[in-house]
Amino acid sequence: MSKQVYISADYSEGSGDRDVVAELNKWGSDNLHKVDFIDMAKVASGSVSKDPDCRICDLKDEFNRQINASSAVVIVVGDKTASRTAGSVCSRATRSQPYCTCTPYKQNTKGVRPCKMYMLPSSGSDVNPVNTYSYLRHEFEQAQKRGKPIIVVYNSFYRQSTWLPSYMSGYASSAQPFWMRDSLGRKVGNYALIKGALGYV
């Protein structure tokens, strides 16, 4: 039976961790690996972001829904993960609505608009989407709050504990390198690691 697994990663052009995501999605698209991977890029390019007034909080709310529907969350940590701040600019988290503005997602050239969040949403069992977390931290906090199994991998051949953001410090002993060499010396993803963490025999 296929499991839906959410991928949280840095998608920055040139310096992000898209190679790990691409390898995971390759596994998810063949007939050998029984995993349906959902990643942040798919969510960010989906129906919610097609709304011309889509805001940071709308994306975070959709991340919550996708994480809630997933069996586990894979978090890819690269050498820039700890310094990424995308998604963290939200003055509504600390100020009243009339004094807040934000830039709709994908509308940077059109400037800011007044905050549309007159009443703050009730977070309940989810992380409130109105916050000053980066997108990456929001995904991590949501997975933790919902008690999802979290698999942390480094975009590296080696363990890189200094790459972990402070809020992930509890995973320093369990995080593992994603890449390895096969018997021919080729760079390959460690599928056995992911498979074992997901409970597959």
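Note: the structure precedes this text.
We now turn to the structure provided with this report. Throughout this description, residue numbers start from 1 for each chain and increase along the sequence as written. Local features are withheld for residues below a pLDDT of 70 in this predicted model, meaning they are given only at 70 or higher, and side-chain atom pairs are given and counted only at 80 or more; totals for whole chains, interfaces and linings count all residues. Just so you know, side-chain values use all the structure's heavy atoms and leave hydrogens and water out.

**What about helix α5 (residues 135-145)?**
Part 1: Most of α5 is tucked away, with eight of its 11 residues classed as buried.
Part 2: Burial classification: accessible surface area is computed with a 1.4 Å probe over protein chains only, and a residue below 20% of its type maximum counts as buried, one above 50% as exposed, and the rest as partly exposed. Helix and strand labels come from DSSP, where a helix needs a run of H or I of at least four residues and a strand needs a run of E of at least two; each type is numbered from the N terminus. Taken residue by residue, α5 has Tyr135, Leu136, His138, Glu139, Phe140, Glu141, Gln142 and Ala143 as its buried positions.
Part 3: Positive phi shows up at Gly147, right after α5, with a value of about 70 degrees.

**Thoughts on the sheet that holds strand β2 (residues 35-39)**
Part 1: Spatially, the five strands line up as an open sheet ordered β2-β1-β3-β6-β7, and their pairing is parallel. Lying at the two open borders of the sheet, with one neighbouring strand each, are β2 and β7 (176-177).
Part 2: Note on pairing: two strands pair once DSSP finds at least 2 bridges between them. Two strands pair when backbone bridges link them, and strand β6 (residues 150-154) and β7 are joined in this way by two bridges, in the parallel orientation. Following the sheet pairing, Val153 is matched in β7 by Gln176.
Part 3: Sheet strands in contact with helix α1 (residues 18-29) are β1 (3-8), β2 and β3 (72-77), and its direction is about 145 degrees off that of β2.
Part 4: Note on contacts: a residue pair qualifies if any of its non-hydrogen atoms lie within 4.5 Å across the two residues. In this analysis, axes come from line fits to C-alpha atoms, helices being fitted only over the stretch in contact, and the angle between any two N-to-C directions falls in the range 0 to 180 degrees. Along the sheet face, helix α4 (residues 56-68) touches β1, β2 and β3 and points at about 145 degrees away from the line of β1.

**Description of the packing of α4 against α5**
The relative placement of two packed helices is expressed as an angle between their axes plus a distance between the axes.
Part 1: Viewed as axis vectors pointing N to C, α4 and α5 meet at an angle of 35 degrees, and their least axial separation amounts to 10 Å. As for how α4 packs across α5, the hand of that crossing is right-handed. Between α4 and α5, the residues in contact are Ile56, Leu59, Lys60, Phe63, Asn64, Ile67 and Asn68 and Tyr135, His138, Glu139, Gln142 and Ala143, respectively.
Part 2: Classification convention: Asp, Glu, Lys, Arg as charged; Ala, Val, Leu, Ile, Met, Phe, Trp, Tyr, Cys, Pro as nonpolar; all other residues, Gly among them, as polar. Split into classes, the residues belonging to the contact of α4 with α5 amount to six nonpolar, four polar and two charged. With the far helix as reference, a near helix turned anticlockwise by less than a right angle produces a left-handed crossing, and one turned clockwise produces a right-handed crossing.

**With respect to the environment of Ala86**
Part 1: Position of Ala86 among the secondary structure elements: in the loop between β3 and β4 (101-102).
Part 2: The spatial distance from the C-alpha of Ala86 to the C-alpha of Ile56 is 9.3 Å, given a sequence separation of 30 residues.
Part 3: Beyond its immediate sequence surroundings of up to four residues, Ala86 is in contact with Ser134 and Tyr135.

**Quick look at α1**
Part 1: Expected helix span is given by 1.5 Å per residue-to-residue step, counting one fewer step than there are residues. Its 12 residues give α1 an end-to-end C-alpha distance of 16 Å, which sits within 8% of 16 Å, the value for a rise of 1.5 Å per residue.
Part 2: All buried positions along α1 are accounted for by Val20, Val21, Glu23, Leu24, Asn25 and Trp27.

**Side note on the pattern of salt bridges**
Part 1: A pair is scored as a salt bridge if a Lys or Arg side-chain nitrogen falls within 4 Å of a carboxyl oxygen belonging to Asp or Glu. Under the definition given, this model contains 13 salt bridges.
Part 2: Arg18 serves as the salt-bridge partner of Glu13, at 3.4 Å between the closest nitrogen and oxygen.
Part 3: Overall, Glu13 belongs to the exposed group, its relative accessible area being 63%.
Part 4: Two residues, Glu62 and Arg65, come together in a salt bridge whose shortest N-O distance is 2.7 Å. Taken together, the residues Glu62 and Arg65, both in helix α4 and three residues apart, mark about one turn of the helix.
Part 5: For Glu62, a relative accessible area of 15% gives the class buried.
Part 6: The network of salt bridges with common partners includes Asp53, Arg55 and Arg113.

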